[in-house]
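Close look at the chain arrangement
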Amino acid sequence: MNKEIFYIGLGKMGLNMTKRLVQKGWKVIGYDASESMREKAREEGIQVVETLKEGGRMFSLKPRCFWIMVPHTVVEKVLEELSDILCEGDVVIDGGNSPFKESIRRHKELSQKGIHYLDAGTSGGPGGAESGACVMIGGERKIFQVYEELFKDISAPDAYKFFGSPGSGHFVKMVHNGIEYGMMQAIAEGFALMKQSPFDLNLREVANLYNHKSVVESRLVGWLEEGMKRYGEDLEMLSGEVSHSGEGQWTVDIAKEWNVPVKNIEQSLNFRKDSQGNPNYIGKLLTAMRNAFGGHSIQ
């Protein structure tokens, strides 16, 4: 495997991951459609190109590896722009949150041209992208094995796994995000209940205690404590309207298609939808967690 990679998408996670790869000895060529993102990457010492075609020419050897880290709505556009650049034997890795059925289709279409495609669901947020992510991979086993060192380098210890056929990586990541919705909702509801209790509770201290060997100890509880430390227990600066990025909806949709009850996840998703125009303290707690792990806007 050549330790060269063309990294497309230099946002919050992409930029941090490219910095990690450089530290691991990779030659990284970076590109983003946004000039401001390209400039920020240059300031961080990343070699940046102005066009996808320019980046494709900068590899010293073939086959080439292209990592895509863009919103799922943009993946198809990127692949269209790469269509005149990709050659037989090249490898495309989609590290974002694409619908798994789309990943199955893309693998099939690219394989007909001799191009390999891996779907790699990546968890951990911007912090994990820099310090070591958790990566869920699907595609051809032989291609994963060739690029296993890449996945090892971007991941925390023991934090990557190959799951098999095309689409399986993005499917496992989709379900992960659905579970995340439910866990966050339960934490927020519990803390909102404590907020309304007749006891004079310091909720930040409660979060801290929960994160010392209790059954609900978790990074999410830790991030909630971090949010209260930063914004105060009342979270007055934070929006009580909570966005959802799509994966929760996909989880609910496929569960209905396969006749699997996912009531907790569905109710968590519906809470976020219903919070639009109806902000409340539970929404603020969810916003605090989302901001802490994903850098999502507090507004």
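Residues numbered from 1 in each chain as written. Predicted model: local features only at pLDDT ≥ 70, side-chain atom pairs only at ≥ 80, totals over all residues. Heavy atoms only, no water.

Our next topic: the overall build of the chain. When its secondary structure is counted, the chain shows 14 helices and eight strands. For the chain, the C-alpha radius of gyration of 20 Å lies close to 19 Å, the compact-globule estimate for 299 residues. Taking the principal axes of the C-alpha coordinates as reference, the chain spans close to 70 × 45 × 35 Å. Classification of the 299 residues of the chain by burial places 53% in the buried group. Within the chain, contacts between residues at least 6 apart in sequence are counted, and of these 69% link residues at least 24 apart. A total accessible area of about 14,400 Å² is found for the chain, and carbon and sulfur atoms account for 52% of it. Side chains of the chain give 36 positive and 40 negative charges; the mean places of these two sets differ by 3 Å. (Helix = DSSP H or I, 4+ residues; strand = E, 2+ residues; numbered from the N terminus. Rg over C-alpha atoms; globule rule 2.2 N^0.38 Å. Buried < 20%, exposed > 50% of the residue type's maximum accessible area, 1.4 Å probe, protein only. Contact = heavy atoms within 4.5 Å. Areas by Shrake-Rupley, 256 points an atom, 1.4 Å probe, with all protein chains shown as cover. Lys, Arg positive; Asp, Glu negative; His and termini not counted. Charge placed at Lys NZ, Arg CZ, Asp CG, Glu CD.)

This brings us to the sheet that holds strand E6 (residues 116–123). With mixed pairing, the eight strands of this open sheet are ordered in space as E3-E2-E1-E4-E5-E6-E7-E8. Each having just a single partner strand, strand E3 (47–48) and strand E8 (155–164) make up the two edges of the open sheet. Relative to E8, strand E7 (residues 133–138) is paired through five bridges, and the arrangement is parallel. Paired with Ala133 across the two strands is Ser155, which belongs to E8. (Pairing = 2+ DSSP bridges.)

Before going further, it helps to examine the state of the cysteines. A complete count under the given rule lists zero disulfides for this structure. In this model Cys65 remains outside any disulfide bridge; the closest cysteine sulfur is found in Cys87, 14 Å from its own. Overall, the relative accessible area of 29% leaves Cys87 in the partly exposed class. (Disulfide = S-S within 2.5 Å.)

What follows is about the pattern of salt bridges. By the definition in use, this model includes 22 salt bridges. Between Arg64 and Asp90 there is a salt bridge, with its nearest N and O atoms 2.6 Å apart. Of this pair, Arg64 sits in the loop between helix H3 (52–56) and strand E4 (65–68) while Asp90 sits in the loop between helix H4 (72–82) and strand E5 (91–94), and the two are 26 residues apart along the sequence. Each of the two residues, Arg64 as well as Asp90, counts as buried. Here Glu109 makes a salt bridge to Arg105, at a shortest N to O gap of 3.0 Å. You can see Glu109 and its partner Arg105 sitting in helix H5 (residues 100–111), four residues apart, about one turn around the helix. Connected via shared salt-bridge partners are Glu35, Arg38, Glu39, Arg42 and Glu50. (Salt bridge = Lys/Arg side-chain N within 4 Å of Asp/Glu carboxyl O.)

With that settled, the discussion passes to the side chain of Ser268. Within the fold, Ser268 resides in helix H13 (residues 263–274). Residue Ser268 is classed as buried on the basis of its relative accessible area, which comes to 2%. Among all residues touching Ser268, those that are not within four sequence positions of it are Tyr181, Gly182 and Gln185.

Taking burial as the measure, the five residues of strand E1 (residues 4–8) include five buried ones, the bulk of the element. On E1, burial covers both faces: Glu4, Phe6 and Ile8 on one face and Ile5 and Tyr7 on the other are all buried. In this structure, E1 lies alongside strand E2 (residues 27–31), joined through five bridges in parallel fashion. In the strand pairing of E2, Tyr7 is matched with Gly30. For the handedness criterion, the β-α-β arrangement of E1, helix H1 (residues 12–23) and E2 is classed as right-handed. (Right-handed = clockwise from strand over helix to strand, strands pointing away.)

Let us now look at the side chain of Gln185. Residue placement: Gln185 occurs in helix H9 (residues 168–195). The contacts of Gln185, once residues within four sequence positions are left out, are Ser268, Phe271, Ile282 and Leu286.

All right, on to the packing of helix H11 (residues 219–231) against helix H14 (residues 281–294) then. Geometrically, a packed helix pair is captured by the angle between its two axes and the distance between the axes. Two numbers describe how H11 lies on H14: the axes approach to 8 Å, and their chain directions differ by 100 degrees. Considering their axes alone, H11 and H14 lie roughly perpendicular with respect to each other. Here Leu220, Trp223, Leu224, Glu226, Gly227, Met228, Arg230 and Tyr231 of H11 come into contact with H14, specifically with Tyr281, Leu285, Ala288, Met289, Asn291, Ala292 and Phe293. Looking at the contact of H11 with H14 residue by residue, the class counts come to 11 nonpolar, two polar and two charged. (Axes fitted to C-alpha atoms, helices over the stretch in contact; angles between N-to-C directions. Parallel < 35°, antiparallel > 145°, perpendicular 65-115°, else oblique. Nonpolar A, V, L, I, M, F, W, Y, C, P; charged D, E, K, R; others polar.)

On to the packing of aromatic side chains. Scanning the entire structure with this criterion turns up 12 aromatic pairs. Ring centres of Phe100 and Phe171 lie 5.1 Å apart, and the angle between their planes is 75 degrees; this geometry places the pair in the edge-to-face category. Of this pair, Phe100 sits in helix H5 while Phe171 sits in helix H9, placing them 71 residues apart in sequence. Note on Phe171: relative accessible area 25%, which makes it partly exposed. Between Phe144 and Phe162, the aromatic rings sit 4.9 Å apart at their centres with planes inclined by 15 degrees, giving stacked as the arrangement. Remark: Phe162 occurs in strand E8 and Phe144 occurs in helix H7 (residues 141–146); sequence separation between them is 18 residues. (Phe/Tyr/Trp six-rings, centres within 6.5 Å; stacked < 30°, edge-to-face > 60°.)

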